[in-house]
Amino acid sequence: MIDLIQSHFPTGTVASPTSKTRGFISVPGTSVEMPFTFIYGALPGKSILLTAGVHGGEYPCIETAIQLANEINPAEIQGTILIIHPVNPAAFLARMQYYGPFDGKNLNRVFPGKATGTVSERIAYQVHQFQQAADFYLDLHGGDIHEGLVPFVIYSTLGGPELSEQSRIASALLGFPYVVGSVSDNSSIGAAAKVGIPGFLAELGQCGRWNQDEVNQYKTAVVNVLRSFSVLQGEVKQHEVEFLKKMLVSTATVEGCWYPDVKLEDLVKQGQKLGEIRDYFGVVKAEYFADSDGIILYLVTSLAIMINDPLCAIGVTA
Ligand SMILES: [Zn+2]
């Protein structure tokens, strides 16, 4: 990890123990410059990669990464932590949901990326190089500008049962109420798992807002995980969380206005109506029903809906 990040250090700066280096990672062939903080601990230990702002409109996680980058003292850690905050500055500044402004792609659907691809693919490729050099990968997300959610954590089930179990246990240490496995192979954590790197994708905060209480909760959660790897010292707190069987996402089959019939954390029954999309005259164009019993983990809050947009997700209880 040190060799890989050192090539992005400001000229004349050399990595050495008990140091913190700030700079920008240039993504080759693009104008993208990802702000990073590299914390080099006093003692040897694990290499941690922490990213936030893969999606530009998820503010609590981005602010959490910025504050952690400032607050973690290299003298108090073992190993190294590379924090990228945010991964997608152009999407952040443009206040974009899901997508990047350069190519209209969802960065979290193009991993592990391509060295010679579109801008989003090149960003993913760059992040993937750091993933491969890490012992553990934390990807911080949240509800997007138009999404409400209950805090939950997704880990990848790719990469074999041992890796998956490592990721699942670490996910629970965040203390968010729900944890669920995913088989997606083009997400940040899916790409990491496929090359043998454990990790998780955390979700906290919603609807284009952020506040310090959420950031404090996020920071405490991340610190607990870092303690479990002995990167930070301190007691590791165990949490009671609910492990869900899977997550089912309903997506829009038509564009129009979205009227949900459910609320966050509602327990729904299979066949129960989730909501409907109407046209501009109030005529129902499509209705959506639960494919399984479960709990509503996230819900799109905007009236506007495009075809193929997610509408809501059901966490299927075991
Ligand atoms: Zn996200």
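Each residue is numbered by its place in its chain's sequence as written, counting from 1. For this predicted model, a pLDDT threshold of at least 70 governs which residues receive local features, and a threshold of 80 or more governs which side-chain atom pairs are given and counted, while totals over whole chains, interfaces and linings are taken from all residues. Only hydrogens and water are set aside when side-chain values are computed; all heavy atoms of the structure are taken into account.

Just give me the short version of the sheet that holds strand E14 (residues 284-289), but keep the residues and values in it.
Sheets are built from strands paired through backbone hydrogen bonds, the pairs being either parallel or antiparallel. Strands qualify as paired when DSSP identifies two bridges or more between them. Strands are runs of DSSP state E lasting at least two residues, helices are runs of H or I lasting at least four, and both sets are numbered from the N terminus onward. The sheet built from four strands is open, its strands ordered E14-E13-E11-E16 with antiparallel pairing. At either end of the open sheet lies a strand with only one pairing partner, and these are E14 and strand E16 (304-305). When strand E13 (residues 273-278) meets E14, the two strands line up antiparallel, connected through five bridges. Note that in E14 the partner of Gly275 across the bridge is Tyr288.

Account for the domain arrangement of the protein chain, naming residues and giving values.
Just so you know, the domain bounds were taken from an automatic or database domain assignment. Per the domain assignment, the segments making up the protein chain are domain 1 (2-240) and domain 2 (244-317). The C-alpha-based centres of domain 1 and domain 2 are spaced at 28 Å. Taken together, the contacts link 14 residues of domain 1 with 16 residues of domain 2. Computed with a 1.4 Å rolling probe, the buried area is the accessible surface lost when two parts are put together, summed over both parts. Across the interface of domain 1 and domain 2, roughly 1200 Å² is buried in total on both sides, 67% from carbon and sulfur atoms. What makes a salt bridge here is a side-chain nitrogen of Lys or Arg within 4 Å of a carboxyl oxygen of Asp or Glu, nothing more. There are zero salt bridges connecting domain 1 and domain 2. Counted as a polar contact is a pair of N or O atoms within 3.5 Å, where, for protein atoms, one must be capable of donating a hydrogen and the other of accepting one, and residues adjacent in sequence contribute only when both atoms are in side chains. Run the count over domain 1 and domain 2 and you get five residue pairs in polar contact (both at pLDDT 80 or more). Secondary-structure elements contributing two or more residues to the side of domain 1 that touches domain 2 are strand E6 (147-149), strand E7 (152-156) and strand E8 (178-182). Across the side of domain 1 that touches domain 2, the residue classes break down as ten nonpolar, three polar and one charged. Pairs of residues are marked as contacts when any of their non-hydrogen atoms sit within 4.5 Å. Note on residue categories: nonpolar means Ala, Val, Leu, Ile, Met, Phe, Trp, Tyr, Cys or Pro, charged means Asp, Glu, Lys or Arg, and polar means any other residue, Gly included.

Which residues make up the pattern of salt bridges, and what are the values?
Any two side chains of opposite charge can pair, so long as their charged atoms come close to each other. The final tally for this structure, using the stated rule, is ten salt bridges. Between Lys105 and Glu121 there is a salt bridge, with the nearest N and O atoms lying 3.0 Å from each other. One end of the pair, Lys105, is in the loop between helix H3 (89-93) and helix H4 (119-132); the other, Glu121, is in helix H4, with 16 residues separating them in the sequence. Exposure remark for Lys105: the relative accessible area of 27% places this residue in the partly exposed category. Taking the shortest distance from any N to any O, the salt bridge between Asp293 and Lys269 comes out at 3.7 Å. With Asp293 in the loop between E14 and strand E15 (294-300) and Lys269 in the loop between strand E12 (267-268) and E13, the pair connects residues that are 24 residues apart, well separated along the chain. Linked through salt bridges whose partners overlap, the residues forming this network are Lys273, Glu276, Arg278 and Glu287. Three exposure classes are used, based on accessible area relative to the maximum for each residue type with a 1.4 Å probe and protein chains only: buried under 20%, partly exposed in between, and exposed over 50%.

Provide a residue-level description of the coordination of the zinc ion, including the pertinent values.
Shown as donors are all N, O and S atoms within 2.8 Å of a metal ion, widened to 3.2 Å for Na, K and Ca; because water is not in the atom set, sites may appear incomplete. Protein coordination at the zinc ion: the donors are His55 (ND1), Glu58 (OE), Glu58 (OE) and His141 (ND1), at 2.1 to 2.4 Å from the metal. In this structure, the zinc ion is surrounded by four donor atoms whose angles at the metal cover 57 to 146°, and the resulting shape is irregular. Positions of the donor residues of the zinc ion along the chain correspond to the pattern H-x2-E-x82-H. On the basis of relative accessibility, which here comes to 3%, the residue Glu58 falls in the buried class. In short, tetrahedral needs four donors with all angles between 85 and 135 degrees, square planar needs four and octahedral six donors with opposite donors over 155 degrees apart and all other angles between 65 and 115, and whatever is left is irregular.

A description of the packing of aromatic side chains should follow, citing residues and the corresponding values.
Stacked, tilted and edge-to-face are the three classes applied to pairs of Phe, Tyr and Trp rings, where Trp contributes its six-membered ring and a pair requires centres within 6.5 Å; stacked means planes under 30 degrees apart, edge-to-face means over 60, and tilted covers the rest. Considering all chains together, one arrives at nine aromatic pairs under this definition. Judged by centre distance (6.0 Å) and plane angle (80°), the rings of Tyr59 and Phe92 are edge-to-face. Within this pair, whereas Tyr59 is found in helix H2 (residues 59-71), its partner Phe92 is found in helix H3, the two being separated by 33 residues in sequence. Ring pairs connect the aromatic residues Phe9, Phe36, Phe38 and Tyr40, which therefore count as one cluster. The side chain of Arg168 reaches across the aromatic face of Phe243, ending 4.3 Å from its centre. Placement of a charge over a ring requires the Lys NZ or Arg CZ to be within 6 Å of the ring centre, with the centre-to-atom vector within 35 degrees of the ring normal. In this arrangement the basic side chain of Arg278 is found over the ring face of Tyr259, its NZ or CZ atom lying 3.7 Å from the centre.

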